[in-house]
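One letter stands for each residue in the lines below.
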Amino acid sequence: MAIQWFPGHMHLTQKAIAERVKNIDVVIELLDARLPGSSANPMLAELTQGKPTLKVLNKQDLADPERTVQWLAHYNSQSGTRAIGLDASMAAPAKALVKACFELAPNRGGMVKPMRVLICGIPNVGKSTLINTLTAKRAAKTGDEAGITKLEQRISLADDFYLYDTPGMLWPRIIVAKSGYNLAASGAIGRNAFDEEEAALELLDYLKTHYPALLEARFKLTGVAAMTDELLLEAIGRQRGALQGGKKVNLQKAAEIAIYDFRSGVIGRMTLETPEEFAQWLAVGKTLDAQRQVKKDAIELDRKIRFKKVPRPDLRSSR
């Protein structure tokens with residue numbers, strides 16, 4: 001199953017960012033520290049036209065600290081980019097954003113040339129919580145679901161520092177299949193856009209390989225690494241009392257439990273991808289996408305030939 005979610009307001013956000021970025025000095029992209037590659041919007045680099053970028057790995061208190069170090073090094077090695085880790089609920093680290101922005105655009109500052117910063121990110125990545133922390137008030141609505149912020153907001157953090165908040169935005173087509181599942185597990189995708197049982201199975205398949213001890217401790221199980229995904233989900237449901245008639249496990253409820261426990265961090269600190277893993281997934285995704293495009297182009301050419309919109313190619317001339 002390919003997970004896709006791009007509601008109408010995201011298309012409007014795309015257009016708004018393209019217009020706003022013309023007068024922006026620095027772009028802050030908030031990433032989920034548990035899935036830094038999957039939560040990076042590939043469309044944003046094109047929209048922001050090479051502006052200095054600050055990658056903020058938010059929710060780092062929920063992520064595997066060793067993998068966070070790897071991801072910070074990965075992004076800091078990129079030209080015109082800085083990366084820092086952050087827990088948006090902590091006031092002191094949040095102030096580092098202002099300092100980092102001035103380092104990326106040292107010629108800005110003061111009333112004549114105020115710093116203009118655009119903050120972007122996928123849905124439910126914690127932008128509104130971060131902004132409220134920065135401003136020490138409820139300047140932006142927050143909620144544990146995708147799509148809370150629907151309009152652009154301008155927030156003054158200082159007399160010479162303007163922050164433009166935009167609604168959470170994904171991209172029209174997710175070509176990395178694993179990213180779709182990781183985004184669903186994190187809460188970035190509306191729940192009606194994916195099957196929770198399937199998303200939970202994908203999540204558990206990764207966690208049982210990389211974090212079996214955390215799963216065993218949370219759900220009071222043994223031998224997790226040797227279980228199939230289906231047996232693991234069933235065992236979780238049974239342990240947590242997600243039962244229906246005949247003491248059969250309610251797999252939908254069990255899936256909700258697994259996903260909720262991951263999102264809330266009660267299982268433990270874990271990250272669903274490394275830079276190397278994501279690079280491999282992206283390479284496969286690009287190859288498959290190119291193959292799909294070739295097939296799509298062939299179908300479209302055949303349609304045009306059948307309706308006589310283009311002449312049938314002369315195969316003899318190609319010999």
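Refer to the structure printed above.
In what follows, the accompanying structure is described. (Residues numbered from 1 in each chain as written. Predicted model: local features only at pLDDT ≥ 70, side-chain atom pairs only at ≥ 80, totals over all residues. Heavy atoms only, no water.)

**Considerations on the nonpolar core**
Here's step 1: L54 and L183 are the most contacted members of the largest nonpolar core, which totals 87 residues.
Here's step 2: With 7 residues, helix α8 (residues 196-210) is the largest single contributor of residues to this core. (Core = buried A, V, L, I, M, F, W, Y, C linked by side-chain atoms within 4.5 Å. Buried < 20%, exposed > 50% of the residue type's maximum accessible area, 1.4 Å probe, protein only. Helix = DSSP H or I, 4+ residues; strand = E, 2+ residues; numbered from the N terminus.)

**What to know about the pairing of strand β4 (residues 115-121)**
The two faces of the sheet receive side chains in turn, since in a regular strand these alternate between them.
Here's step 1: Of all 7 residues in β4, 6 are buried, a share of seventy percent or more.
Here's step 2: As judged from the 5 bridges shared by strand β1 (residues 26-32) and β4, these two strands associate in the parallel manner. Within β4, the position partnered with V27 by the bridge is L118. (Pairing = 2+ DSSP bridges.)

**Regarding the pattern of salt bridges**
Here's step 1: Enumeration over the complete set of coordinates arrives at 18 salt bridges.
Here's step 2: For the salt bridge of R218 with D261, the shortest nitrogen-to-oxygen distance reads 3.1 Å. Residue R218 is located in helix α9 (residues 212-219), and its partner D261 is located in helix α11 (residues 251-264); the two are separated by 43 residues in the primary sequence.
Here's step 3: Judged by relative accessible area, R218 falls into the partly exposed class, the value being 29%.
Here's step 4: Of the residues examined, D261 reaches a relative accessible area of 1% and is grouped as buried. (Salt bridge = Lys/Arg side-chain N within 4 Å of Asp/Glu carboxyl O.)

**Overview of the packing of helix α7 (residues 177-186) against α11**
Here's step 1: Taken N-terminus to C-terminus, the directions of α7 and α11 make an angle of 80°; their axes are 8 Å apart at the nearest point. Overall, the two elements α7 and α11 adopt an arrangement that is roughly perpendicular. Where α7 approaches α11, its residues A184, A185 and S186 are matched on the opposing element by I259, F262 and R263.
Here's step 2: Taken together, the residues of the contact of α7 with α11 break down into 4 nonpolar, 1 polar and 1 charged. (Axes fitted to C-alpha atoms, helices over the stretch in contact; angles between N-to-C directions. Parallel < 35°, antiparallel > 145°, perpendicular 65-115°, else oblique. Contact = heavy atoms within 4.5 Å. Nonpolar A, V, L, I, M, F, W, Y, C, P; charged D, E, K, R; others polar.)

**Let's talk about the side chain of E29**
Here's step 1: With respect to the helices, strands and loops of the structure, E29 is situated in strand β1.
Here's step 2: In this structure the side chain of E29 is engaged in a polar contact, spanning 2.6 Å, whose partner is the side chain of K55.
Here's step 3: Filtering out sequence-adjacent residues up to four positions away, E29 remains in contact with S39, A40, N41, L44, L54, K55, V56 and C120. (Polar contact = N/O pair within 3.5 Å; in protein donor to acceptor, adjacent residues only side chain to side chain.)

**Considerations on unusual backbone geometry**
Here's step 1: The phi dihedral of K59 falls on the positive side, at around 65°, and the residue is not glycine.
Here's step 2: At K220, a position not held by glycine, the phi torsion is positive, near 55°.
Here's step 3: Looking at the secondary structure, you find K220 in the loop between α9 and α10 (229-239).

**Side note on α10**
Here's step 1: Within the sequence span of α10, burial applies to D229, L232, L233, A235, I236 and G237.
Here's step 2: Each element contacted by the buried residues of α10 is listed here: α8, α9, β8 (248-249) and α11.
Here's step 3: Where α10 terminates, the next one or two residues include G241, which has phi positive at roughly 75°.

**Notes on the sheet that holds strand β2 (residues 53-58)**
Here's step 1: One open sheet accounts for 6 strands, arranged β3-β2-β1-β4-β6-β5; its pairing is mixed. Both edges of this open sheet fall to β3 (81-85) and β5 (153-158), since each of them pairs with a single strand only. Looking at each pair of strands side by side, their axes are set apart by 25° on average, direction ignored.
Here's step 2: Bridge count between β5 and strand β6 (residues 161-165): 5 bridges; the pairing is antiparallel. Within β6, the position partnered with Q153 by the bridge is D165.
Here's step 3: Most of the contacts of helix α5 (residues 96-104) go to β2, to which it runs at about 155°, and overall it touches β1, β2, β3, β4, β5 and β6.
Here's step 4: The sheet strands contacting helix α6 (residues 127-135) are β1, β4, β5 and β6, and the helix crosses β4 at an angle near 145°.

Read these as geometric descriptors, not functional statements.
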